[in-house]
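One-letter residues, chain by chain:
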Amino acid sequence: MDEKYMRRALELAKKGAGFTNPNPLVGAVIVKEGRIIGEGYHQIYGSHHAEVNAFRNAIEDVKGATMYVTLEPCSHFGKTPPCANAIVEKGIKKVVVAMEDPNPEVSGRGIKILRDNGIEVITGVLEEESRKLNEIFIKYITTKLPFCILKTAMTLDGKIATRTGDSKWITNEESREYVHNLRQRVAAIMVGVGTIIKDDPMLTTRLEKGNNSDPIRIIVDTRGRTPLDSKVLNIKSNARTIIATTELAEKERLKEYEKKGAEIIITPLKDNKVDLKFLMQELGKRKIDSVLLEGGSELNYSAIEERIVDKVNIFIAPKFIGGNEAKTPIGGIGIPLMKDALLLKNLGLHRFGDDIMIEGYLGQEG
């Protein structure tokens, strides 16, 4: 029965996707005498937490009830008061928690407050599902680095464009809609300057429903080649554009970008390119908890080589285009020996019409 109510709490938590960054996704369900009497989830960053919303939505007195919550109730004052204290004050008898708070500074404290006040606490119910739901939060809160998802689409023969560079569209509408939902869930989208020059994308979400907030746009541009008339520098959007560059870019050019409203991050040179590890550290300092990498083959390889990629989503369309000069998803110099190939772990397979998507994790250390 605990799993039944926790699954409902997880369903509620998912509703906050794209609205709570850099906070976690959390759902809460209050059960009394076998009936759900209150539900809530963390709806938007800075607003009430899931537990408080469940109390506010309760249809009767919650005293003596059991609360199911997907993440350990907070124990500290942030933008809102501690939820653990509110649970005690409301007279909840038992709390079932999916996972403890991964933040090493507060982990276990919320549970201790509950137990110290005589509340029975059960932990670890559907913990794996909760951890996957909050994989972005877990990475960011424990490392202060963004969770990076590499997304790419290719034909069945492994091409991301024809030999002429044409790439619209490899995948079907259903796959592309999923990508727009994915864009809404992350804090930022990152592409290379080559993609900006070739495709001139807007890098926005185009969804009928959503939080009307586009992700931050990050352009990796070693030499400052982003055209001043590119869409990312001229569209009306409430999200900002960041150009990651190096000392190789002309200072006057960078000033022009700033006049367009773009932020500039200058990184050290790494193999005559933007230092991606340094860039991720800088993005983390700006509370950017997640990045969707939609780069070309060169940027994709650099990101994998630098071990900044956590998760990979590869869409495969049942098409053949061939061509020795047609690019593949991962370019660069490549790995010389098969025994050194990087393996994806914890694989998942998803269908979008005739397209398939392979999802996996690179599982780098740290």
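Residues numbered from 1 in each chain as written. Predicted model: local features only at pLDDT ≥ 70, side-chain atom pairs only at ≥ 80, totals over all residues. Heavy atoms only, no water.

Comments concerning the UniProt feature "binding site: NADP(+)" (unreviewed entry) in the protein chain
Step number 1: UniProt records the feature "binding site: NADP(+)" (unreviewed entry) for A153, W169, T195, D199, T222, G296, S297, E298, L299, N300, Y301 and S302 in the present numbering. Over a stretch of 150 residues, the named residues are scattered through the fold, their C-alpha atoms separated by up to 28.0 Å.
Step number 2: Within the secondary structure layout, G296 lies in the loop between β13 (290–293) and α11 (297–305).
Step number 3: Under the relative-accessibility criterion, G296 is labelled partly exposed at 23%.
Step number 4: Non-local contacts of G296, meaning those with residues more than four positions away in its chain, are made with T195 and P329. (UniProt positions renumbered as here; feature names shortened; annotations may be inferred. Helix = DSSP H or I, 4+ residues; strand = E, 2+ residues; numbered from the N terminus. Buried < 20%, exposed > 50% of the residue type's maximum accessible area, 1.4 Å probe, protein only. Contact = heavy atoms within 4.5 Å.)

With respect to the packing of helix α2 (residues 50–57) against helix α3 (residues 83–90)
Step number 1: Axis separation between α2 and α3 bottoms out at 9 Å; the angle between their running directions is 30 degrees. Looking at the two axes, α2 sits roughly parallel to α3. Contact residues: α2 offers E51, V52 and F55, while α3 offers C83, A86, I87 and K90.
Step number 2: The residue makeup of the contact of α2 with α3, split by class, is five nonpolar, no polar and two charged. (Axes fitted to C-alpha atoms, helices over the stretch in contact; angles between N-to-C directions. Parallel < 35°, antiparallel > 145°, perpendicular 65-115°, else oblique. Nonpolar A, V, L, I, M, F, W, Y, C, P; charged D, E, K, R; others polar.)

With respect to the sheet that holds strand β16 (residues 355–361)
Step number 1: One open sheet accounts for nine strands, arranged β10-β9-β8-β7-β13-β6-β14-β16-β15; its pairing is mixed. Since the sheet does not close on itself, it has two edges, and those belong to β10 (263–266) and β15 (345–352), each with one partner. Neighbour to neighbour, the strand axes of the sheet diverge by 20 degrees on average, direction disregarded.
Step number 2: As defined by bridge partners, strand β14 (residues 311–317) adjoins β16 across six bridges and the pair is classed as antiparallel. Among the inter-strand pairings, I314 is bridged to a residue of β16, identified as I358.
Step number 3: Here helix α6 (residues 135–143) sits on the sheet in contact with β6 (147–155), β13, β14 and β16, set at roughly 135 degrees to β6.
Step number 4: Of the strands in this sheet, β6, β7 (188–192), β13, β14, β15 and β16 touch helix α7 (residues 173–185), which is tilted by about 165 degrees from β14. (Pairing = 2+ DSSP bridges.)

Brief notes about the domain arrangement of the protein chain
Step number 1: By domain assignment, the protein chain separates into domain 1 (1–134) and domain 2 (144–362).
Step number 2: Centre-to-centre separation of domain 1 and domain 2, based on C-alpha positions: 35 Å.
Step number 3: Contact residues are listed per partner, giving seven residues for domain 1 and 12 residues for domain 2.
Step number 4: Across the interface of domain 1 and domain 2, roughly 650 Å² is buried in total on both sides, 45% from carbon and sulfur atoms.
Step number 5: The interface formed by domain 1 and domain 2 holds one salt bridge in total.
Step number 6: For the salt bridge of K132 with E359, the shortest nitrogen-to-oxygen distance reads 3.3 Å.
Step number 7: Taken together, domain 1 and domain 2 are joined by four residue pairs in polar contact (both at pLDDT 80 or more).
Step number 8: Residue classes in the side of domain 1 that touches domain 2 are distributed as four nonpolar, two polar and one charged. (Domains from an automatic or database assignment. Buried area = accessible area lost by both parts, 1.4 Å probe. Salt bridge = Lys/Arg side-chain N within 4 Å of Asp/Glu carboxyl O. Polar contact = N/O pair within 3.5 Å; in protein donor to acceptor, adjacent residues only side chain to side chain.)

A word on the UniProt feature "binding site: substrate" (unreviewed entry) in the protein chain
Step number 1: Per the UniProt record, the feature "binding site: substrate" (unreviewed entry) sits at S167, R183, L203, R206 and E294.
Step number 2: Positionally, S167 belongs in the loop between β6 and α7.
Step number 3: S167 has contacts with I160, A161, K198 and D199, leaving out every residue within four places of it along the chain.
Step number 4: Inspection of the secondary structure assignment puts L203 in the loop between α8 (193–199) and β8 (216–220).

What about the pairing of strand β1 (residues 27–32)?
Step number 1: Burial within β1 is extensive, with six of its six residues counted as buried.
Step number 2: A two-sided burial pattern is seen for β1, the buried positions comprising G27, V29 and V31 on one face and A28, I30 and K32 on the other.
Step number 3: Two elements, β1 and strand β2 (residues 35–41), share six bridges in a ladder whose sense is antiparallel. Residue pairing for β2: A28 is matched across the bridge by G40.

What to know about a negative patch on the surface
Step number 1: A grouping of E100, E127, E128 and E129 is seen on the molecular surface, where their side chains present a negatively charged patch.
Step number 2: Topologically, E100 is positioned in the loop between β4 (94–97) and α4 (109–116). (Patch = residues over 30% accessible without salt bridge, like charges linked within 9 Å, V, L, I, M, F, W, Y side chains within 5 Å. Areas by Shrake-Rupley, 256 points an atom, 1.4 Å probe, with all protein chains shown as cover. Lys, Arg positive; Asp, Glu negative; His and termini not counted. Charge placed at Lys NZ, Arg CZ, Asp CG, Glu CD.)

Here we look at helix α10 (residues 276–285)
Step number 1: For α10, the complete set of buried residues consists of L276, L279, M280, E282, L283 and G284.
Step number 2: Of the residues that open α10, the one with a side-chain oxygen 3.2 Å from the backbone nitrogen of K277 is D275.
Step number 3: Once α10 ends, the next one or two residues include K287, with phi positive near 60 degrees.

Looking at the packing of aromatic side chains
Step number 1: Under the definition given, this model contains four aromatic pairs.
Step number 2: With a centroid separation of 5.8 Å and an interplanar angle of 40 degrees, the aromatic rings of F315 and F352 are classed as tilted. Note that F315 is positioned in strand β14 and F352 in strand β15, a separation of 37 residues in sequence.
Step number 3: Each residue in the set Y178, F315 and F352 is aromatic and connected to the rest through ring pairs, giving one cluster.
Step number 4: Note that K90 overlies the ring of F55, its terminal NZ or CZ placed 5.7 Å from the centroid.
Step number 5: Between R185 and the ring centre of Y178, over which it is positioned, the NZ or CZ distance is 5.7 Å. (Phe/Tyr/Trp six-rings, centres within 6.5 Å; stacked < 30°, edge-to-face > 60°. Lys NZ or Arg CZ within 6 Å of the ring centre and 35° of its normal.)

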